[in-house]
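Descriptive analysis of the structure
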Amino acid sequence: MLRRVLLAASASDRVRRVISSAPVTRNVVARFVAGDTSDDALAVTRRLLDDGLLVTLDYLGEDAVDPQRAAAVTDEYVRLLGALAAAGLSGGGRAEASVKPTAVGLDLAEHGEKRARENIARICAAAREAGTTVTLDMEENSRVEPTLRILGQLRPEFPDLGCVVQSYLRRGPQDCRALAVAGSRVRLCKGAYNAAPGVAFTSRAEVDRSYARCLRVLLAGPGYPMLATHDPRLIRIAAASGRPAGSFEYQMLYGIRPQEQLRLAGGGARVRVYVPYGSDWYGYLVRRLAERPANLLFFLRSLASRG
Ligand code: FDA
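1. Observations regarding the packing of aromatic side chains
In this structure the tally under the stated criterion is four aromatic pairs. Relative to tyrosine 77, the ring of tyrosine 59 lies with its centre 6.3 Å away and its plane at 90°, an arrangement referred to as edge-to-face. Residue tyrosine 59 is located in strand E1 (residues 54-59), and its partner tyrosine 77 is located in helix H5 (residues 67-86); the two are separated by 18 residues in the primary sequence. Relative accessible area serves as the criterion here: at 1%, tyrosine 77 is assigned to the buried category. Where tyrosine 59 meets tyrosine 277, the ring centres are 5.2 Å apart and the plane angle is 40°; that geometry is what we call tilted. Taken as a pair, tyrosine 59 in strand E1 and tyrosine 277 in strand E8 (residues 270-277) lie far apart in primary sequence, 218 residues in all. Classification of tyrosine 59 by relative accessible area gives buried; the value is 16%. Judged by its relative accessible area of 0%, tyrosine 277 is buried. Taken together, the aromatic side chains of Tyr59, Tyr77 and Tyr277 make up a single cluster linked through ring pairs.

2. So, the packing of helix H9 (residues 204-220) against helix H10 (residues 232-239)
Where H9 contacts H10, the axes come no closer than 11 Å and their chain directions differ by 20°. Viewed along their axes, H9 and H10 adopt a mutual orientation that is roughly parallel. The element H9 and its partner H10 pack so that their crossing is right-handed. Residues Asp208, Tyr211, Ala212, Leu215, Arg216 and Leu219 of H9 form the contact with H10, whose own contacting residues are Arg233, Leu234, Ile237 and Ala238. Here the residues of the contact of H9 with H10 are counted per class, giving seven nonpolar, no polar and three charged.

3. Concerning the site of the ligand
Neighbouring the ligand are 25 residues; Gly191, Thr229, His230, Glu291 and Asn295 lie closest to it. A distance of 2.6 Å is found between an oxygen atom of the ligand and a side-chain nitrogen or oxygen belonging to threonine 229. The separation between a nitrogen atom of the ligand and a polar main-chain atom of arginine 288 is 3.2 Å. Notes on the ligand: free accessible area 930 Å², of which the protein chains cover 89%. Those elements giving two or more residues to the shell around the ligand turn out to be strand E4 (163-166), strand E5 (185-189), strand E7 (249-253) and helix H12 (282-291). Of all the elements, E7 adds the most residues to the shell around the ligand, at three residues.

4. Remarks on H9
Taking 1.5 Å of rise per residue, the 17 residues of H9 would be expected to cover 24 Å, and the 24 Å separating its terminal C-alpha atoms lies within 8% of that figure. When H9 is considered as a whole, its buried residues turn out to be Val207, Asp208, Ser210, Tyr211, Ala212, Cys214, Leu215, Leu218 and Leu219. In this structure, the buried side of H9 is in contact with helix H8 (172-179), E5, strand E6 (224-228) and H10.

5. Observations concerning the nonpolar core
With 80 residues, the main nonpolar core has Leu188, Leu227, Tyr250 and Val275 as its most contacted residues. Contacts of leucine 227, omitting those with residues within four sequence positions, involve Leu188, Tyr211, Leu215, Leu219, Ala238, Phe248, Glu249, Tyr250 and Gln251. The next biggest cluster of nonpolar side chains, apart from the first, holds 20 residues, and it includes Ile19, Phe32, Tyr274 and Val286.

6. Focus on the environment of isoleucine 123
Among the structural elements, isoleucine 123 can be located in helix H6 (residues 112-129). Accessibility expressed as a relative area gives 0% for isoleucine 123, which makes it buried. Along the primary structure isoleucine 123 and valine 78 are separated by 45 residues, whereas in three dimensions their C-alpha atoms are 5.7 Å apart. Excluding anything up to four places from it in sequence, isoleucine 123 contacts Thr74, Tyr77, Leu81, Val99, Val104 and Val134.

7. A look at the pattern of salt bridges
Under the definition given, this model contains 19 salt bridges. For arginine 149, the salt bridge identified is with glutamate 113, shortest N-O distance 2.8 Å. Of this pair, arginine 149 sits in helix H7 (residues 144-154) while glutamate 113 is found in helix H6, placing the two residues 36 residues apart along the sequence. Since its relative accessible area comes to 40%, arginine 149 is described here as partly exposed. For glutamate 113, a relative accessible area of 21% translates into the label partly exposed. Among the ionic contacts, a cluster of salt bridges with common partners joins Asp58, Lys100, Asp137 and Arg187.

8. Here we look at the pairing of E8
Most of E8 is tucked away: seven of the eight residues are buried. Bridging between E1 and E8 involves six bridges; their strand directions are parallel. Counted as the bridge partner of aspartate 58 is proline 276 from E8. Pairing geometry for E7 and E8, over five bridges, is parallel. From the neighbouring strand, glutamate 249 faces E8, where its bridge partner is arginine 270.

Scoring rules and cut-offs
Residues numbered from 1 in each chain as written. Predicted model: local features only at pLDDT ≥ 70, side-chain atom pairs only at ≥ 80, totals over all residues. Heavy atoms only, no water. Phe/Tyr/Trp six-rings, centres within 6.5 Å; stacked < 30°, edge-to-face > 60°. Helix = DSSP H or I, 4+ residues; strand = E, 2+ residues; numbered from the N terminus. Buried < 20%, exposed > 50% of the residue type's maximum accessible area, 1.4 Å probe, protein only. Axes fitted to C-alpha atoms, helices over the stretch in contact; angles between N-to-C directions. Parallel < 35°, antiparallel > 145°, perpendicular 65-115°, else oblique. Left-handed = near helix turned anticlockwise from the far one by under 90°. Contact = heavy atoms within 4.5 Å. Nonpolar A, V, L, I, M, F, W, Y, C, P; charged D, E, K, R; others polar. Near = heavy atom within 4 Å. Polar contact = N/O pair within 3.5 Å; in protein donor to acceptor, adjacent residues only side chain to side chain. Areas by Shrake-Rupley, 256 points an atom, 1.4 Å probe, with all protein chains shown as cover. Expected span 1.5 Å × (residues − 1). Core = buried A, V, L, I, M, F, W, Y, C linked by side-chain atoms within 4.5 Å. Salt bridge = Lys/Arg side-chain N within 4 Å of Asp/Glu carboxyl O. Pairing = 2+ DSSP bridges.

Okay, structure coming up:
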C-alpha cells in the first residue's frame, strides 16, 4: 500500500522538487547510483569486475520528451560502450548495457516505437562491436507490448538482445513460456511499477509465488535465465534447481546486498550487478525507496533532521 502511494505521489512536480533539492538526498543517491558521469560508471565497473562480478550499466533517464533527447541518450550509450571496450571491460559480455525503451523514444508522439527501435538497434550494434550485449528494461504495463514487439523485430539481427519479465504481472508465466527458447536472454524480476489489479498481483505473497513459477519455467528451458532478485528464498530455490552454474546468472542492484553478491560469486555463480549512472536519478531513487519501508523511513528521518 505504502509502495503504491509513494510511487503515485512521486509523479507530482512538488514532491520531485522537495526530494531532488534536499541536501541529504545526495547521500542516499550515492548508495544506489555510481555517479553522474560515464567515468564514474567505468570506475565502479572496474571495481566490481575485479571482485569477480559482472555488470550491466543503465544510463539514467526515462520518458525522453523529444527526439533530440532520445538521440542524446542513444549517443551516450554508444560512447559508453566504446569506452568500456577501450578500457577492456566489455569483452565476453562482462559489462553490458541495460536500456529503457522510453529513454530512447518509445513515448514520443510521432513514430515513438519506430524511433525507439532504431535507437536500440544502434546501441545493439555498438554493443556487438564492444563484444557485449544489451538488455531491454521493462517499464510500466502499457510499455510491455511495444517493448516485446521491438524485441521480436530486433532479435533476428541481434539474437542476444535480452528482455525482462515482471512476475507481478499476471501474464508473467505465459511470457516466460514464450520467451524460454534457445539462446534467449530473459531477466526475471518482481516489477517496480504500479499496475492495476486486473493485470497485476497486488499482494507480496502472490508476486513471490508468481516469481517462483516463472523461475521454474525459465530454469527448465533452453534459454539463458537472468534471475534479478535480492530475495533469499527465491535465490535458494534457484540454487537448488540443479541447473549448471554457468548456464544462468543472478542479478542484483548496485548498493543492495553487496555481501550476498560476493558470497554467490565466491561459490562459483555468475552474478551481475545493475549499475545506474547519470544525473537523472529521481525515478530510480523513488522506486528503490518504495521497495523497502526501512529505506523510506531512513530517508524521511534524514530529511526531517536536516529540516
Ligand atoms: P523484495 O523487494 O521482496 O526484497 C527482498 C529482499 O531484498 C528484502 O527483504 C531486502 O533484504 C532486499 N531488498 C530489496 N530491495 C531493496 C532495496 N531497495 N533496498 C534495500 N534492500 C532491498 N523492475 C522492473 O520493473 N523492470 C526492470 O527492468 C527491472 N530491472 C531490474 C534489474 C535488476 C538487476 C534487479 C535486481 C531488479 C530490477 N527491477 C526491475 C526491480 C525489481 O522489479 C524489484 O523491484 C527489486 O529487485 C526488488 O525486488 P526483490 O526481488 O529484490 O524482492
